[in-house]
Amino acid sequence: LAVCHPGDKIILPRNIHQSAIAGLVLSGAIPIFIHPEYDCDFDLAYSITPDALETTLQRHPDAKAVMIVYPTYQGICGDIIAIAELTHRYNIPLLVDEAHGAHFSFHPHLPSSALSAGADIAIQSTHKVLGAMTQASMLHLQGTRLDPHRISQALQWVQSTSPSYILLASLDAARQQMALFGESLMTQTLELAKKARENIRQIQGLAILDFQQPKPGFFALDTTRLTVKVSELGLSGFEADEILRGQLGVTAELPLLHHLTFMITLGNTTADIEQLIHAFMILASMKHSVRCRMSDVRGWVSDIEQGISLLSPRETVFSPTETVTLEKSVNCISAELICPYPPGIPVLMPGEVITSQSLAYLQQVLRLGARITGCSDTTLQTIKVIRC
Ligand SMILES: Cc1ncc(COP(=O)(O)O)c(C=O)c1O
């Protein structure tokens, strides 16, 4: 809203959070999507690469901004320094969704913060990783590529005119806590995360998402995010989550088809980590009969080409829609965002043409136990399309 006028182009990764799609609807901006890199072993989306961004900027030199997600939910960080340099070569701002990275500034063993890497704006969910109350977030601005007055104005359009002083006070308390004790709290958090990683890695049948060396879309890892693959045990992440939560007193942050991601934060203690390790030892020793077949979903992202967009997200939400069966929806324009988790990359965006190939893929991931989000019928019997 602060950087684009209706019809302006903005470059974004295809796995952008739905809040950015809301921004597209409100502003009338036109998304130019880049596919993030994809890890078929863990069935996870990484970041976009500087190379992919360069190709897109060459094709769309009139884009008004670039937006990235840094880090991902699983703590995966792309090459943000190269992305910032490239974006600035085109004299446009880099907007960073740093929802999961509010702690990065406070320890040298964490990835660089978006601002230190050159972002013009970074939005952090302080409530997710630091001590603020739910909903309380921060928007950080630096440099002169963005107009602070325009940002204040845009904020007024989307915020309540009656701010909650309780939430604001909680932000201030979280800020004070990190200003005074940030490094020691993060040292403790990183040590707890290391203990969890080292122990869980040794349990047979489990694998941990680790960072070895930079690869496309994966330049650094926030090790306070612990992603444990359980599918070799013959369990889906969803089934493992039920056992961990129901029987072993452990709650994962994000269970997916093949793995579960845990957030280790400054609120955790050694006892929590011991309970986590113990729970995984028990889980791995149980007999599980259903085998989760990784090979069935391999390589899907490359199969689904970026959809053809006939309407902008804004035009789509203001057009009349109808609900039709899946069979009848082929060649219609989707009125919905349809995103399977994993890997969290939308197969259909509002305004894109529905193809039989994308529907076949969605039905397959549903059969395999993935969740479909973003649409009104998550069982995918029906789909909302633009009325012809
Ligand atoms: C990548 C990403 N961006 C943005 C958000 C939205 O943040 P909030 O819930 O603080 O509005 C989330 C929330 O899960 C997220 O995962």
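Residues numbered from 1 in each chain as written. Predicted model: local features only at pLDDT ≥ 70, side-chain atom pairs only at ≥ 80, totals over all residues. Heavy atoms only, no water.

Caption draft 1: View of the side chain of Asn 15. With respect to the helices and strands, Asn 15 occurs in the loop between strand E1 (9-13) and helix H1 (18-27). Those residues in contact with Asn 15 that lie beyond four places of it in its chain are Pro 36, Ala 45, Tyr 46, Val 69, Gly 344, Ile 345 and Pro 346. (Helix = DSSP H or I, 4+ residues; strand = E, 2+ residues; numbered from the N terminus. Contact = heavy atoms within 4.5 Å.)

Caption draft 2: Broad picture of the sheet that holds strand E12 (residues 225-229). Pairing is antiparallel in the open sheet, where four strands are placed in the order E10-E12-E14-E13. Two strands in the sheet have a free side with no partner beyond their single neighbour: strand E10 (207-208) and strand E13 (254-255). Contacts from helix H7 (residues 237-248) reach E13 and strand E14 (259-263), with the element oriented near 50° to E14. (Pairing = 2+ DSSP bridges. Axes fitted to C-alpha atoms, helices over the stretch in contact; angles between N-to-C directions.)

Caption draft 3: Quick peek at the packing of helix H6 (residues 165-201) against helix H8 (residues 270-285). One can describe the packing of H6 onto H8 by two numbers: an axis separation of 10 Å at closest approach and a directional angle of 15°. Relative to H8, the element H6 lies roughly parallel. Considering the relative orientation of H6 and H8, their crossing is right-handed. Facing H6, whose interface residues are Leu 192, Lys 195, Ala 196, Asn 199 and Ile 200, H8 presents Thr 270, Ile 273, Glu 274, Leu 276, Ile 277 and Phe 280. Taken together, the residues of the contact of H6 with H8 break down into seven nonpolar, two polar and two charged. (Parallel < 35°, antiparallel > 145°, perpendicular 65-115°, else oblique. Left-handed = near helix turned anticlockwise from the far one by under 90°. Nonpolar A, V, L, I, M, F, W, Y, C, P; charged D, E, K, R; others polar.)

Caption draft 4: Examining the site of the ligand more closely. Taken together, His 17, Ser 19, Val 69, Asp 97, Ala 99, His 100, Ser 125, His 127, Lys 128 and Ser 137 make up all the residues around the ligand. Within the contact set of the ligand, an oxygen atom lies 3.0 Å away from a side-chain nitrogen or oxygen of Lys 128. Within the complex, 69% of the 380 Å² of free accessible area of the ligand lies under protein. The residue inventory of the shell around the ligand, partitioned by class, reads two nonpolar, six polar and two charged. (Near = heavy atom within 4 Å. Polar contact = N/O pair within 3.5 Å; in protein donor to acceptor, adjacent residues only side chain to side chain. Areas by Shrake-Rupley, 256 points an atom, 1.4 Å probe, with all protein chains shown as cover.)

The values are spatial; any link to function lies outside them.
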